[in-house]
Amino acid sequence: MVALLLLLVGGAATACGGRATTHHKPGTTHEQASGNVGTLLDAQDGGGHHLREVSAKGAPEVKLTARPDSEDGWNLQLAVNAFRFTPDSTGGAALPGAGHAHLYLDGRKLARIYGPWFHLPAAQVPEGTHTLTVRLYADDHTAWAVAGKPVEAAVPLTAVPAGQTTHSHDTPTASGSPAPTGTPQADRTVTLAVKDGKVLPAVGRTELKRGERLALRVTSDRADTLHVHGYDKELALAAGQEATLVLTVDRTGLFEVETHQSGLVLTQLLVR
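J.: So what exactly am I meant to see when it comes to the sheet that holds strand β17 (residues 213-220) here?
T.: What holds strands together in a sheet is hydrogen bonding between their backbones, with the strands either parallel or antiparallel. Ordered in space as β15-β14-β17-β20, the 4 strands form an open sheet in which the pairing is mixed. Single-partner strands in this sheet number two, and they are β15 (198-200) and β20 (242-248). Here the strands of the sheet are splayed against their neighbours by 25 degrees on average, with no regard to which way each runs. As defined by bridge partners, strand β14 (residues 188-195) adjoins β15 across 3 bridges and the pair is classed as antiparallel. Bridging from a neighbouring strand, lysine 195 pairs with lysine 198 of β15.

What follows is the structure, encoded as structure tokens:
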């Protein structure tokens, strides 16, 4: 009996390819998991996720506020009602009033959000006027919807050239953070490229000290999404354009940086 139990446990541990992930539950994929909450519609949102229709009474709600950060970019606040963020169960079945949010700039996905606060770096927002949108999703990646429309909130966002400023009057709109001319300040910068399904330079480990600020500069020859496991940070990659993700590594351990669509591991972050 003991041997059989150990065999079963060992088999479960390696069922997902032998490496840990915090992006979704072991044994699940990015596809929808089972869930009987509400009604699953054939209609999809702009990101290819099916809508999960629920009654307007007691349905999840979200309001978005974006204010310029004194150092870089904007600080976003997601005020939710009848909804709770559940990062530990992402990839599982849809549960009532639970899940995460996606952040979009002009319809282009920037990140997945697992809490009420999120920092948006100025490097991710081109100069000009844009629309910033947050949309609520269930744990199985279906979009919560009421009357056939996704549950979301949007605000205008303006990035101005360096040396100019605009003013915010503490309203739900946001404006006025200089667009940087180079890589945001960081203790370490790692530059990577994805070309023809290969990572350049070859996959290795990036050793960091806890508390260091890391800049990941990535260029991909195809549109993709960068994801940092363990920190649940994402970055949209446009084909042929360099994108930069800056984060503070405040957790120790070994964390993989990979792409969603191509499924490539770009590097491993070893934080001591």
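So that's the structure; there's more coming.
J.: Got a minute to help me understand the pairing of strand β10 (residues 143-146) in this structure?
T.: For strand β2 (residues 50-53) and β10, the ladder comprises 3 bridges, and the chain directions are parallel. Residue pairing for β10: glutamate 53 is matched across the bridge by alanine 145. Here β10 runs beside strand β11 (residues 149-150); their pairing, made up of 2 bridges, is antiparallel. For alanine 145, the partnering residue across the bridge sits in β11 and is proline 150. Connecting β10 to the antiparallel partner β11 that follows it, the hairpin turn spans 2 residues, and alanine 147 within it adopts a positive phi of roughly 55 degrees.

J.: How should unusual backbone geometry be read in this particular structure?
T.: Glycine aside, residues mostly have negative phi angles, and peptide bonds mostly take the trans form. Looking along the chain, the bond that leaves leucine 200 and enters proline 201 is cis, with omega of -5 degrees. You will see that aspartate 106, though not glycine, has its phi angle at about 55 degrees, which is positive. Note on placement: aspartate 106 falls in the loop between β6 (98-105) and β7 (108-113). The phi dihedral of histidine 141 is positive, around 75 degrees, even though this residue is not glycine. Tracing the sequence through the fold places histidine 141 in the loop between β9 (128-137) and β10.

J.: Looking at this model, I keep getting lost on the pattern of salt bridges. Mind explaining?
T.: Two side chains carrying opposite charge are able to pair once their charged atoms lie near each other. Going through the model one piece at a time under the given rule, you end up with 7 salt bridges. For glutamate 207, the salt bridge goes to arginine 272, with nearest N and O atoms at 3.9 Å. Placement of the pair is glutamate 207 in strand β16 (residues 205-208) and arginine 272 in the segment after β22 (265-271), with a sequence separation of 65 residues. The exposure class of arginine 272 is exposed, given its relative accessible area of 60%. The shortest N-O distance in the salt bridge between glutamate 242 and arginine 217 comes to 2.9 Å. With a gap of 25 residues between them, glutamate 242 in strand β20 and arginine 217 in strand β17 connect regions that are remote in the sequence. Each of Asp45, Arg135 and Glu152 takes part in a single network of salt bridges with overlapping partners.

Here is what the cut-offs are and how they apply
- Residues numbered from 1 in each chain as written.
- Predicted model: local features only at pLDDT ≥ 70, side-chain atom pairs only at ≥ 80, totals over all residues.
- Heavy atoms only, no water.
- Pairing = 2+ DSSP bridges.
- Helix = DSSP H or I, 4+ residues; strand = E, 2+ residues; numbered from the N terminus.
- Axes fitted to C-alpha atoms, helices over the stretch in contact; angles between N-to-C directions.
- Salt bridge = Lys/Arg side-chain N within 4 Å of Asp/Glu carboxyl O.
- Buried < 20%, exposed > 50% of the residue type's maximum accessible area, 1.4 Å probe, protein only.

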